[in-house]
Amino acid sequence: MSFCCGAGMVGSVGSVRHYKTLVHNVPIMFCPVCDRIEVHPAIEGEYEILVEYAQGDQAPEVDFADFVNVDNTSELFENCTMTDEAASFAEVLKQQIDISLDLLGVAKELQDDEWREALMNRLKRLSERLKQYNKRKQVSQKSA
């Protein structure tokens, strides 16, 4: 599992912009707290080669899956939460909140105020994201 700012990175397949080229269907890792996105380390080499060729051809968009066969996404993401396999993004956020709450209890027990403060900030950010997600979901359900 990859970590960012102390939080577990979530695995998914998404689109990544590299300069002027948008690459679709790339296995990525993203942080639900600080929104950092990185290409999954296992396919990073293939991604860099594809982007280099796409930029040489001045392609505005390419589909990673058209050039690189990634059949083992379940293996790629076996040590992390994968949003595509979770019931919903809300479930992923709730899992991250639960983990942070467990760690908060440990930080309090150890009387580590710096860690406790970092966890409180993480919990605040995760809670905000969950509220925003639920609000967007309700709006889209009402308009459907």
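This text follows the structure it describes.
Residues numbered from 1 in each chain as written. Predicted model: local features only at pLDDT ≥ 70, side-chain atom pairs only at ≥ 80, totals over all residues. Heavy atoms only, no water.

A. Focus on the pattern of salt bridges. Taken as a whole and assessed by the stated rule, the structure comprises 5 salt bridges. A salt bridge links Arg129 to Asp35; its shortest N-O distance comes to 2.0 Å. Of the two residues, Arg129 is situated in helix α5 (residues 113-143) and Asp35 in the loop between β4 (21-30) and β5 (37-39); the sequence distance between them amounts to 94 residues. A relative accessible area of 39% means that Asp35 is categorised as partly exposed. Put simply, Glu91 and Lys94 hold a salt bridge, and the shortest N to O gap is 3.8 Å. (Salt bridge = Lys/Arg side-chain N within 4 Å of Asp/Glu carboxyl O. Helix = DSSP H or I, 4+ residues; strand = E, 2+ residues; numbered from the N terminus. Buried < 20%, exposed > 50% of the residue type's maximum accessible area, 1.4 Å probe, protein only.)

B. Examining the pairing of β4 more closely. Counted residue by residue, β4 has 8 buried out of 10 residues, so it is predominantly covered. Examined bridge by bridge, strand β3 (residues 10-18) and β4 share 8 bridges and lie antiparallel to one another. The residue bridging Gly14 from the neighbouring strand is Val26, located in β4. Following β3, the chain reverses through 2 residues before pairing antiparallel with β4; Tyr19 in that reversal takes a positive phi of roughly 55 degrees. Direction of pairing for β4 relative to strand β6 (residues 61-63): parallel, over a ladder of 3 bridges. (Pairing = 2+ DSSP bridges.)

C. How the structure looks around helix α1 (residues 44-56). Here α1 contains 13 residues, and its C-alpha end-to-end distance of 18 Å stays within 8% of the 18 Å for a straight helix at 1.5 Å per residue. Buried residues in α1 make contact with β3, β4, β5, β6 and α2 (64-67). Gln58, located one to two residues past α1, shows a positive phi value of around 55 degrees. (Expected span 1.5 Å × (residues − 1). Contact = heavy atoms within 4.5 Å.)

D. Here's a closer look at unusual backbone geometry. The phi dihedral of Gln58 is positive, around 55 degrees, even though this residue is not glycine. Along the chain, Gln58 falls in the loop between α1 and β6. Accessibility expressed as a relative area gives 70% for Gln58, which makes it exposed. Even without a glycine there, the phi angle at Gln111 is positive, about 55 degrees. With respect to the secondary-structure elements, Gln111 resides in the loop between α4 (89-109) and α5. Overall, Gln111 belongs to the exposed group, its relative accessible area being 67%.

E. Region of interest: the packing of α4 against α5. Two elements in contact, α4 and α5, have axes whose closest approach is 9 Å; the angle formed by their N-to-C orientations is 160 degrees. By the criterion of interaxial angle, the relationship of α4 to α5 is roughly antiparallel. Regarding α4 and α5, the two cross each other, and that crossing is left-handed. Here the contact of α4 with α5 is composed, by residue class, of 16 nonpolar, 4 polar and 5 charged. (Axes fitted to C-alpha atoms, helices over the stretch in contact; angles between N-to-C directions. Parallel < 35°, antiparallel > 145°, perpendicular 65-115°, else oblique. Left-handed = near helix turned anticlockwise from the far one by under 90°. Nonpolar A, V, L, I, M, F, W, Y, C, P; charged D, E, K, R; others polar.)

Take it as geometry only, folks, not as evidence of what the structure does.
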